[in-house]
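# Geometric and topological summary
Below are the chains, spelled out letter by letter.
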Protein chains: 2
Amino acid sequence: MAQKPSIPKGTRDFNPEQVAKRNYIFNNIRNAFQTFGFQPIETPSFENSDTLMGKYGEEGDRLIFKILNSGDYLSKANTEAYDEKNSNKLTPSISEKALRYDLTVPFARYVVQHQNEIEFPFKRYQIQPVWRADRPQKGRFREFFQCDADVVGSKSLWQEVEFIQLYDTVFSALKLDGVTIKINNRKILSGIAEVIGASDKLIDFTVALDKLDKIGEEKVKEEMLKKDIPQSGIDKLQPLFSLTGNFESQIKSLKSILASSTEGLKGVEELQFINKAIQELGLKTAVLQLDVTLARGLNYYTGAIFEVSAPKNVKMGSIGGGGRYDDLTGIFGMKDVSGVGISFGLDRIYLVLEELGLFPETVSKNIEVLFINFGDKEALFSLKAIKTLRENGINAELYPDAAKMKKQMNHANKREIPFVVLVGEQEIESNNYTLKNMVSGEQDNVSITTLIEKIK
Amino acid sequence: MAQKPSIPKGTRDFNPEQVAKRNYIFNNIRNAFQTFGFQPIETPSFENSDTLMGKYGEEGDRLIFKILNSGDYLSKANTEAYDEKNSNKLTPSISEKALRYDLTVPFARYVVQHQNEIEFPFKRYQIQPVWRADRPQKGRFREFFQCDADVVGSKSLWQEVEFIQLYDTVFSALKLDGVTIKINNRKILSGIAEVIGASDKLIDFTVALDKLDKIGEEKVKEEMLKKDIPQSGIDKLQPLFSLTGNFESQIKSLKSILASSTEGLKGVEELQFINKAIQELGLKTAVLQLDVTLARGLNYYTGAIFEVSAPKNVKMGSIGGGGRYDDLTGIFGMKDVSGVGISFGLDRIYLVLEELGLFPETVSKNIEVLFINFGDKEALFSLKAIKTLRENGINAELYPDAAKMKKQMNHANKREIPFVVLVGEQEIESNNYTLKNMVSGEQDNVSITTLIEKIK
């Protein structure tokens, strides 16, 4: 009954080296989350379908993995849908559960469900996999981890300040110097829409403006006109095309461009507050940049919008993002809970660190010393030493079989084990160990105490 | 569109304290795995259905969660099954993927799929959730974590010895003293079957024998007769009813009982080898016990069988188990790969540690110091200090809003934050911090250096 084994497309096996590298990133993110006062929660991998459906738009609903009911599920199938052979219509009657699509909606559900146990403001982090029935492509998978930190229950802008510091802390810890933390504000985008005189054209406008570097001012304007953005609006926003210089001078320009929009000005003020604080506090290696074209999930955010770009020498989409949303829990009937949060894109960060060679050499080091097995008597003597080594925090193991010496040494080489210990009759008699450094080839006859010292 | 939010039955939300306690267990297990030379792998949450189906028996197949195909899945539905409205028959045509049911079959699939990259013997560990559509009950969930360590590619009994040490190491590290590691051997069970003269009665025999302590010898024999175990067989195995004493004396009795069974004697020899090594090496807090009634997943194991019981003062099923299986990868067409492994039952270990009060008090300590927010100027000054504290590894945060002092202090109390720092005009002027110990109530005016020292 042999089968050629494989895994579903868009999913991955991780070998020991990959797990170690992923954990290196997870641990750095987790440490920073905790240092900043975030507390971990975990939610189930699948939720009731009605918790998830309708929360991510039509496209999202399609991409949610549904779990088939157990047992004779057809006995409760919607008869009409069954007769019509209508898949979409049938689904709710044969599937009650669905795999988590992101961590935000389950978090909102968690906050509402446990609101009486939670002390607000609630700073939570969550590092768990999510699943999407997306078409797999480079860097896009059907199962991937999200690493989210959010605060709910406060509108304070100090949180935006802290999230920028948090990004800086994590990427500095990962030695990924030179990331750009782009920031915008939904209210500025609303202001721009007001000035255009057509809020339904806002996305077209920002998408076109975003191409300024690539295709130049004239082409951008052409595209805007093609998208039915009125010439008068483009004229009014002319200064946006020459919005260069540092954060403060951009703020100044925006103030004059958006002078007629109360909401727009509010957004500018918020950015100014955040930028001033960051200037005072300083960033280790990241750069904060105002980017009025930044719009991510426009309908979702209500205040600050963040996106992090990898250093300029790496071609990669955003490696993190987030923002403020003023009605996270409204979908579950709990009003007026403002939230703000950020997310780290594990898979992309992994690719960037790999490309730049930033994983520490020791990251996937596992076993430190292998004892060669010369037979049962020697093995028992070895295991006594191994026990002591392990108690001293050294990862040690015995080759399980008394195989040929060459085979065992090859095993040590292939696994890149740095030390090998040889125990024969002579060593047992003198209660000593022959320690071989697999890199230098150096060989020593040592006591257990020296063994521990040398390996450590 | 308010919904009363809930989660699917058999699943759980974990709050920060629970996550911290679970991680405490995970970390102890993971550390021990690594010290013993096991390397981590991870496999996808869902596998192709044909990887999983048929591997766990009929009952298992029923309990596997199936994932509905995306899109217009009915267009490819098995027409005959559809017309018959036969759920079981329809499933394979509308569901190609299924959630992982355990970690063993995906591991077997991994080994076969990656056999050319793996250096054998391969010692892997895997800590990931699995899903079963079981009826939920106390301590049994539809989503739960398994923590497995296995070695494949060697038949050496030293591995059984090491797994016993590994159990002892983990439970000793968790301060769970007095667990019993029960051991048996499939070959001894085969020997017993031979002696009974009816191998199909083996399970009935061991199930009945297992009740010896509870119902006494006469009742056990009655039950055996009722199950059609011949009187002659019961007579031959009479010594099993008085199998008491230590490991060595039990071995002795077994040798004479199973004298006529070559396979049985082989099993006894294996146990003897393992026990002798463990006697030489010593266990920290666990006790190794021979238990001939131990049969877990009989058809699966071919050599040693393990099961770990919680200390006697706690009522709890097994908190770990495992054994040797000589044909792990055969189902995927790779022959002659012997494996041996053990598993830790996270949820039950959690319940035991909770019941015995064995979680360290500091396990769920998160934030160490909260800065009270008196306004923007003070907040900015505070954030500078917080930055320094965090760089020194101290978990620190600012209350995000300049709320009433009492509210902020209450927040610190409810979250059991041990220190609070107050920064007002005066502190800013003198570049000092008022540190309040929330437990003793003690209050000090200190420099940043002293602040770090006091909190650490």
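Reading the values: the criteria
Residues numbered from 1 in each chain as written. Chains lettered and ligands numbered in written order. Predicted model: local features only at pLDDT ≥ 70, side-chain atom pairs only at ≥ 80, totals over all residues. Heavy atoms only, no water. Phe/Tyr/Trp six-rings, centres within 6.5 Å; stacked < 30°, edge-to-face > 60°. Helix = DSSP H or I, 4+ residues; strand = E, 2+ residues; numbered from the N terminus. Buried < 20%, exposed > 50% of the residue type's maximum accessible area, 1.4 Å probe, protein only. Lys NZ or Arg CZ within 6 Å of the ring centre and 35° of its normal. Domains from an automatic or database assignment. Pairing = 2+ DSSP bridges. Contact = heavy atoms within 4.5 Å. Axes fitted to C-alpha atoms, helices over the stretch in contact; angles between N-to-C directions. Arc of directions from axis to C-beta. Buried area = accessible area lost by both parts, 1.4 Å probe. Salt bridge = Lys/Arg side-chain N within 4 Å of Asp/Glu carboxyl O. Nonpolar A, V, L, I, M, F, W, Y, C, P; charged D, E, K, R; others polar.

If you walk through the whole model with that rule in mind, you get 33 aromatic pairs over all chains. Note on Phe381 of chain B and Tyr433 of chain B: the rings are 5.5 Å apart at their centroids and 25 degrees apart in plane angle, and the pair reads as stacked. Pair noted here: Phe381 of chain B is in helix H15 (residues 376–391) and Tyr433 of chain B is in strand S15 (residues 433–437), with a separation of 52 residues, a long-range link. Tyr433 of chain B carries the same exposure label as Phe381 of chain B, and that label is buried. Taken together, the aromatic side chains of Phe33, Phe38, Tyr125, Phe163, Tyr167, Phe171 and Phe344 of chain A make up a single cluster linked through ring pairs. A cation over a ring is seen here: Arg390 of chain A above Phe36 of chain B, with NZ or CZ 3.6 Å from the ring centre.

With domains assigned, chain A is organised as domain 1 (16–356) and domain 2 (366–455). The C-alpha centroid of domain 2 of chain A is placed 51 Å from the C-alpha centroid of domain 1 of chain A.

Moving on, we come to the sheet that holds strand S1 (residues 39–40) of chain B. One key point about sheets: their strands pair by backbone hydrogen bonds, in either a parallel or an antiparallel sense. Residue and element names in this part refer to chain B. In space, the eight strands of this open sheet follow the order S1-S5-S6-S11-S10-S9-S7-S8, with mixed pairing throughout. The open sheet has two free edges, formed respectively by S1 and strand S8 (287–290), since each of these has just one partner strand. As defined by bridge partners, strand S5 (residues 122–131) adjoins strand S6 (residues 143–152) across 10 bridges and the pair is classed as antiparallel. In the sheet register, Gln126 faces S6, and the bridge partner there is Asp148. Along the sheet, helix H14 (residues 346–355) makes contact with S6, strand S10 (318–325) and strand S11 (339–344), crossing S10 at roughly 145 degrees.

All names here are of chain B. Listed in full, the buried residues belonging to helix H18 (residues 448–455) are Leu451, Ile452 and Ile455. The buried residues of H18 occupy one face: seen down the axis, they fall within an arc of 95 degrees. Exposed residues on H18 whose side chains face more than 90 degrees from its buried face are Thr449 and Glu453.

The partner chain A presents 105 residues to the 105 residues of chain B that form the contact. Across the interface of chain B and chain A, roughly 9,400 Å² is buried in total on both sides, 56% from carbon and sulfur atoms. Linking Glu119 of chain A and Lys414 of chain B is a salt bridge whose minimum nitrogen-to-oxygen distance equals 3.7 Å. For the side of chain B that touches chain A, the element with the highest residue contribution is H15 of chain B, accounting for eight residues. Split into classes, the residues belonging to the side of chain B that touches chain A amount to 47 nonpolar, 30 polar and 28 charged.

Next up on the list: the sheet that holds strand S12 (residues 369–371) of chain A. All names here are of chain A. Read across the sheet, five strands follow the order S13-S12-S14-S15-S16 without closing on themselves; strand pairing throughout is mixed. In this open sheet, the two strands that pair with only one neighbour each are strand S13 (396–398) and strand S16 (443–446). Put simply, the sheet's adjacent strands are angled 25 degrees from each other on average, direction ignored. Alignment of strand S14 (residues 419–422) against strand S15 (residues 433–437), held across four bridges, turns out to be antiparallel. Paired with Val420 across the two strands is Lys436, which belongs to S15. Along the sheet face, helix H16 (residues 376–391) touches S12, S13 and S15 and points at about 165 degrees away from the line of S13. Running at roughly 15 degrees to S15, helix H19 (residues 448–455) makes contact with S12, S14, S15 and S16 of the sheet.

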